[in-house]
Amino acid sequence: EAGVTQSPRYAVLQEGQAVSFWCDPISGHDTLYWYQQPRDQGPQLLVYFRDEAVIDNSQLPSDRFSAVRPKGTNSTLKIQSAKQGDTATYLCASSLNPRGNTLYFGAGTRLSVL
Amino acid sequence: SQWGEENLQALSIQEGEDVTMNCSYKTYTTVVQWYRQKSGKGPAQLILIRSNEREKRSGRLRATLDTSSQSSSLSITGTLATDTAVYFCATYAGAKLTFGGGTRLTVRP
């Protein structure tokens, strides 16, 4: 069984540039999560979907971040105008459903904003 | 915040030693998960423990959960150099899995 796939693995930007992260979850998993993990901290939830619907995006900086999962499979997280404070690893995870189950994580995208 | 300890803690031990990592949480939960994250990888679940279990074992791992003190622990017996990683506990607040600050464990060969 293929795991969660993320791309790119690394991204380096100047402040003000835009970037998109892509995630392909495990087949059959209806719930998809995006986490932000600053260096030396635990992952912090940004947004999660059940199928194509956003269930909770309360921690997503809505003025610059957006996330979509149009067909309930792959997902894209976009930062419109990156800031140095966005420097972190962005992790995608999927699970069978959102109720107390195991999350399966991708390897993440390491973003550096200069 | 869901967690009592937000910052990454660090432990360094010799291969073969036993180690216990602790976490405490603020909001009631019935499930705690422990994840391990190796360098350059995403977290991977090690063990899931429910409130009616109090203790759960998996190979060299042992997790405990005390809902009265809102704390959990993960023990590793006979550590190996390959156990070097960051270990997180995580719990559900509503339907969202939230992570504690974690412990960076270094096992010296």
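Below, the structure is looked at part by part. Computed from a predicted model, the values in this text were never measured in an experiment.

**Examining the interface of chain B and chain A**
- The interface is formed by 20 residues belonging to chain B together with 21 residues belonging to chain A.
- One can count 2 salt bridges joining chain B with chain A.
- At the boundary of chain B with chain A, the tally comes to 8 residue pairs in polar contact (both at pLDDT 80 or more).
- Within the residue set of the side of chain B that touches chain A, elements represented by two or more residues are β3 (31-37), β4 (44-50), β8 (85-93) and β9 (96-99) of chain B.
- For the side of chain B that touches chain A, the per-class residue count stands at 9 nonpolar, 7 polar and 4 charged.

**Details of unusual backbone geometry**
- Cis geometry marks the peptide bond from S7(A) to P8(A); its omega dihedral reads -10°.
- Within the secondary structure, P8(A) sits in the loop between β1 (5-7) and β2 (10-13).
- A positive phi angle, close to 55°, is found at D51(A), a residue other than glycine.
- With respect to the secondary-structure elements, D51(A) resides in the loop between β5 (44-50) and β6 (53-56).
- The partly exposed category is assigned to D51(A), whose relative accessible area is 36%.
- Phi angles above zero are rare outside glycine, and Q70(B) is one such case at about 50°.
- Within the secondary structure, Q70(B) is located in the loop between β6 (61-66) and β7 (71-76).

**Observations regarding the sheet that holds β1(A)**
All names here are of chain A.
- Across the sheet, which stays open at both edges, the 4 strands sit in the order β1-β3-β8-β7 with antiparallel pairing between neighbours. The sheet is open, and its two edges are formed by β1 and β7 (65-68), each paired on a single side. Looking at each pair of strands side by side, their axes are set apart by 15° on average, direction ignored.
- Note that strand β3 (residues 19-24) and strand β8 (residues 75-79) share 5 bridges and pair antiparallel. Residue S20 lies in a different strand from β8, and its bridge partner there is K78.

**Some words on the environment of H29(A)**
Residues and elements named next belong to chain A.
- One can find H29 in the loop between β3 and β4 (31-37).
- Of the residues examined, H29 reaches a relative accessible area of 9% and is grouped as buried.
- H29 sits 22 residues away from D51 along the chain, and the two C-alpha atoms are 8.5 Å apart.
- Every residue in contact with H29, bar those within four places of it in the chain, is listed here: R69, S94, S95, L96 and Y104.

**Some thoughts on the side chain of S75(A)**
Residues and elements named next belong to chain A.
- Mapping S75 onto the fold places it in strand β8.
- Using a relative accessible area of 1% as the deciding quantity, one classes S75 as buried.
- From its side chain, S75 meets the backbone oxygen of V68 in a polar contact 2.8 Å long.
- Residues contacting S75, with those up to four places away along its chain left out, are F21, W22, C23, L32, W34, F49, V68 and R69.

The rules behind the values
- Residues numbered from 1 in each chain as written.
- Chains lettered and ligands numbered in written order.
- Predicted model: local features only at pLDDT ≥ 70, side-chain atom pairs only at ≥ 80, totals over all residues.
- Heavy atoms only, no water.
- Contact = heavy atoms within 4.5 Å.
- Salt bridge = Lys/Arg side-chain N within 4 Å of Asp/Glu carboxyl O.
- Polar contact = N/O pair within 3.5 Å; in protein donor to acceptor, adjacent residues only side chain to side chain.
- Helix = DSSP H or I, 4+ residues; strand = E, 2+ residues; numbered from the N terminus.
- Nonpolar A, V, L, I, M, F, W, Y, C, P; charged D, E, K, R; others polar.
- Buried < 20%, exposed > 50% of the residue type's maximum accessible area, 1.4 Å probe, protein only.
- Pairing = 2+ DSSP bridges.
- Axes fitted to C-alpha atoms, helices over the stretch in contact; angles between N-to-C directions.

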